[in-house]
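Read off the chains here:
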Amino acid sequence: MTEPRTVRAPRGTQLHCKSWLIEAPYRMIQNNLDPEVAERPEDLVVYGGRGQAARDWESFETILTSLQELDEDETLLVQSGKPVAVFKTHPDAPRVLIANSNLVPHWATQEHFDELAARGLIMYGQMTAGSWIYIGTQGILQGTYETLGSLARLRGWPSLRGKFVLTAGLGGMGGAQPLAITMNEGVGLIIEVDPARAQRRLENGYVEFVVDELEEAMTLVQEALDGEEPRSVGLIGNAADLYPELVVRGVIPDVVTDQTPAHDVLSYVPNDMTLEAAAELRTGDPQEYTRRSMASMARHVEAMLAFKQAGAEVFDYGNNLRQRAYDYGVSEAFEFPGFVPAYIRPLFCEGKGPFRWVALSGDEEDIYKTDAAVMELFPQDKHLHRWLRLAREKVQFQGLPARICWLGYGERAAAGLRFNQMVAGGELQAPIVIGRDHLDAGSVASPNRETEGMLDGTDAVSDWPLLNAMLNAVGGATWVSFHHGGGVGIGFSQHAGQVIVADGTPEAAVRIERVLTTDPGLGIVRHADAGYPEAIAAARRHGIKMPMLKQD
Ligand code: NAD
């Protein structure tokens, strides 16, 4: 058996593979497992409950050797984290194609998935874990910053200044919440059941205080609210105990959400038990664990409904918590919205979504230079400038230096081409990897999240992410992935990812322009096809050809 080991992506300009297009996935899969980046690297778990980078250690090591041996006209196929074949394709084709966690719909149940996973036949890829473009907590930080900013604007607040945000979960994704709240000038109370997770966020500066007692936490919160000072307080405890407790005490926050791993009943920790007891029950009696977990999520959601009733802005932050509570009998669980229809869809209609990039050199200066280039490209975008300034000041890099910002149609291609020029001109030490989350305008079908409440009722139609994956593959993305279940759990979503490398060559420029145009372009098309007027206008404005789109 291949043993776990500590993994860190190589830095510098020396290649371990036959080209930068192959070196990029070689570094990025290792970067996903860097102890600074991954939540449980010894189990190959990157983030999001059980989201893995490779199926097992033998598969991981074989992916690395396969990439080292891969020729520039070959493509490696990865099936649920296991390298299954190498085929001769052509230099413009993706170097890696990945399919993770996919099951035929009738069999796409958690039980069947768990049976296969226990036999080592499948792996949970989450979104960017199994597609090797996770950049640590910064990725979700930007998304959370955008979401809270949009929420404040829609509520007519200049920012979250003087506002109290209650949430839970300080894991790989959830850990971004305290910093996103303070970057929006608000006061956050974040409940986390595992003291080690909270400690980690304290050490990397994402949360400012961590306390054990509710009284102490509320004193810190009230003090900051009174002084209208931004502040974040982590509180050790279980959300399914503490949300109801706050309701009983009549404490009504301005904003309430949650980022516990509700997508996975075996990762969510049931209330009224210690972490050790939970760990024992999880392995000893998974069925009883599931029952207790679901019952806790029902309590958790009932408290959120009570907050909503009392006037708080309550939303589901994409972990499928409402569905679990609904399945357990909370019939009003969907009375508060998901964050996409509430705050993000207008951005998707413009093809706007998460655009991230990573400096393969490992040199932080490469990222600072690209930050400056992006500011220069979009001088009018003050929101973007504020983010890039704050990110430089507050975000500690995890693993290879990386940056993320939300860019729209046209902007992504422009930024990608600029990076490619910078590599070509020797301004950067090494090539740049450009990718994104699967949570994007045209790349995901997820009826409880990204495609919740679509105008034409096509929430569950997953032709769109399939078209997205195929389009990115023919366009020449460096690696393309298609996953099931990430974010909201098995049975609830399908989505595609793409990563493209700017290696400074003219061939890369052609591929970048193509992929970074069609990828957000499909997002506009998906929303225009569903009848969103903003997307129809965007399609017309950009001259995107949609044969069935009626002319005015
Ligand atoms: P994670 O597993 O890394 O962390 C979850 C954290 O919640 C852990 O620290 C855990 O100790 C804590 N926790 C578990 N049960 C708890 C309870 N009952 N009370 C308090 N704390 C509890 O997961 P993550 O990567 O942080 O993701 C969290 C959730 O957000 C997942 O369901 C994920 O799918 C979802 N997600 C949302 C988005 C988005 O864009 N909104 C993006 C990615 C993931």
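Refer to the preceding data block for the structure.
To start, this report covers the structure provided alongside it. (Residues numbered from 1 in each chain as written. Predicted model: local features only at pLDDT ≥ 70, side-chain atom pairs only at ≥ 80, totals over all residues. Heavy atoms only, no water.)

### Section: the packing of helix 4 (residues 137-155) against helix 14 (residues 382-394)
To describe two helices that pack against each other, one gives the angle between their axes and the distance between the axes. We apply this condition: Interaxial angle, 0 to 180 degrees, is taken between N-to-C directions of lines fitted to C-alpha atoms, where a helix line uses only the stretch in contact. A run of H or I in DSSP becomes a helix once it reaches four residues, and a run of E becomes a strand once it reaches two; helices and strands are each numbered from the N terminus. Note on angle classes: values under 35 degrees are labelled roughly parallel, values over 145 roughly antiparallel, values of 65 to 115 roughly perpendicular, and the remainder oblique. A clockwise turn of the near helix away from the far one marks a right-handed crossing, whereas an anticlockwise turn of less than a right angle marks a left-handed crossing. Contacts: residue pairs with any heavy atoms within 4.5 Å of one another. Residues were grouped as follows: Ala, Val, Leu, Ile, Met, Phe, Trp, Tyr, Cys and Pro as nonpolar; Asp, Glu, Lys and Arg as charged; and all remaining residues, including Gly, as polar.
In the contact formed by helix 4 and helix 14, the axes pass within 12 Å of each other and the chain directions differ by 135 degrees. When the axes of helix 4 and helix 14 are compared, the pair comes out oblique. Taken as a pair, helix 4 and helix 14 cross one another with a handedness that is right-handed. Seen from helix 4, the contacting residues are Gln138, Leu141, Gln142, Tyr145, Glu146 and Arg153; seen from helix 14, they are His383, Arg386 and Trp387. Tallied by class, residues from the contact of helix 4 with helix 14 come to three nonpolar, three polar and three charged.

### Comments concerning the site of the ligand
Rule in force here: Here a residue counts as near a molecule or strand whenever at least one of its heavy atoms sits within 4 Å of it. The term polar contact refers here to a pair of N or O atoms within 3.5 Å; inside protein, the definition further demands a hydrogen-donor-capable atom paired with an acceptor-capable atom, and it admits residues adjacent in sequence only when both atoms are side-chain atoms. Working definition of accessibility: Shrake-Rupley area with a 1.4 Å probe, residue cover restricted to the visible protein chains.
Close to the ligand lie 33 residues, the nearest being Met173, Glu192, His263, Tyr317 and Gly487. Measuring from an oxygen atom of the ligand, one finds a backbone N or O atom of Met173 at 2.9 Å. One of the backbone N or O atoms of Tyr317 is found 2.7 Å from a nitrogen atom in the ligand. Considering the ligand on its own, with 860 Å² of exposed area, one finds that the protein chains cover 97% of that surface. Considering only residue class, the shell around the ligand consists of 13 nonpolar, 15 polar and five charged.

### Description of a nonpolar patch on the surface
For the record, the criterion: Within the patch definition used here, like charges are joined within 9 Å and nonpolar side chains (Val, Leu, Ile, Met, Phe, Trp, Tyr) within 5 Å, considering only residues with over 30% relative accessible area and no salt bridge. Whenever Lys or Arg places a side-chain nitrogen within 4 Å of a carboxyl oxygen from Asp or Glu, that contact is recorded as a salt bridge.
A contiguous nonpolar surface patch, about 270 Å² in accessible area, is contributed by Leu466, Leu467 and Met470. With respect to the element layout, Leu467 can be found in helix 16 (residues 463-475).

### What about the pattern of salt bridges?
So the rule is basically this: We call a residue buried when its accessible area falls under 20% of the maximum for its residue type, exposed when it is over 50%, and partly exposed in between, using a 1.4 Å probe and counting protein chains only.
The full count for this structure, using the stated rule, is 27 salt bridges. For the salt bridge of Asp71 with Lys18, the shortest nitrogen-to-oxygen distance reads 2.7 Å. Taken together, the residues Asp71 in the loop between helix 2 (57-69) and strand 3 (74-79) and Lys18 in the segment before helix 1 (20-32) connect sequence positions 53 residues apart. We classify Asp71 as partly exposed; its relative accessible area is 32%. A salt bridge links Arg403 to Asp371, with the shortest nitrogen-to-oxygen separation between them at 2.9 Å. Of this pair, Arg403 sits in strand 13 (residues 402-407) while Asp371 sits in helix 13 (residues 364-377), placing them 32 residues apart in sequence. Look at Arg403 and you get buried, because its relative accessible area is 0%. Look at Asp371 and you get buried, because its relative accessible area is 5%. Taken together, the shared-partner salt bridges connect Arg412, Arg436, Asp440 and Asp519 into one network.

### A word on the pairing of strand 6 (residues 164-168)
The condition is simple: In short, DSSP must find at least two bridges between two strands for them to pair. For crossovers, right-handed means that the path from the first strand over the helix to the second runs clockwise, given strands pointing away from the viewer.
With respect to burial, strand 6 is a largely interior element, five of its five residues being buried. Residues Phe164, Leu166 and Ala168 line one face of strand 6 and the alternating positions Val165 and Thr167 line the opposite face, and both faces are buried. Pairing geometry for strand 6 and strand 7 (residues 187-192), over five bridges, is parallel. Looking at the pairing, Leu166 lines up with Leu189 of strand 7. With helix 5 (residues 177-183) bridging strand 6 and the parallel strand 7, this β-α-β connection has right-handed handedness. Summarising the sheet, strand 6 and strand 10 (residues 255-256) pair through two bridges and their orientation is parallel. Within strand 10, the position partnered with Leu166 by the bridge is Val256.

Function-wise, these values are silent; they only describe arrangement.
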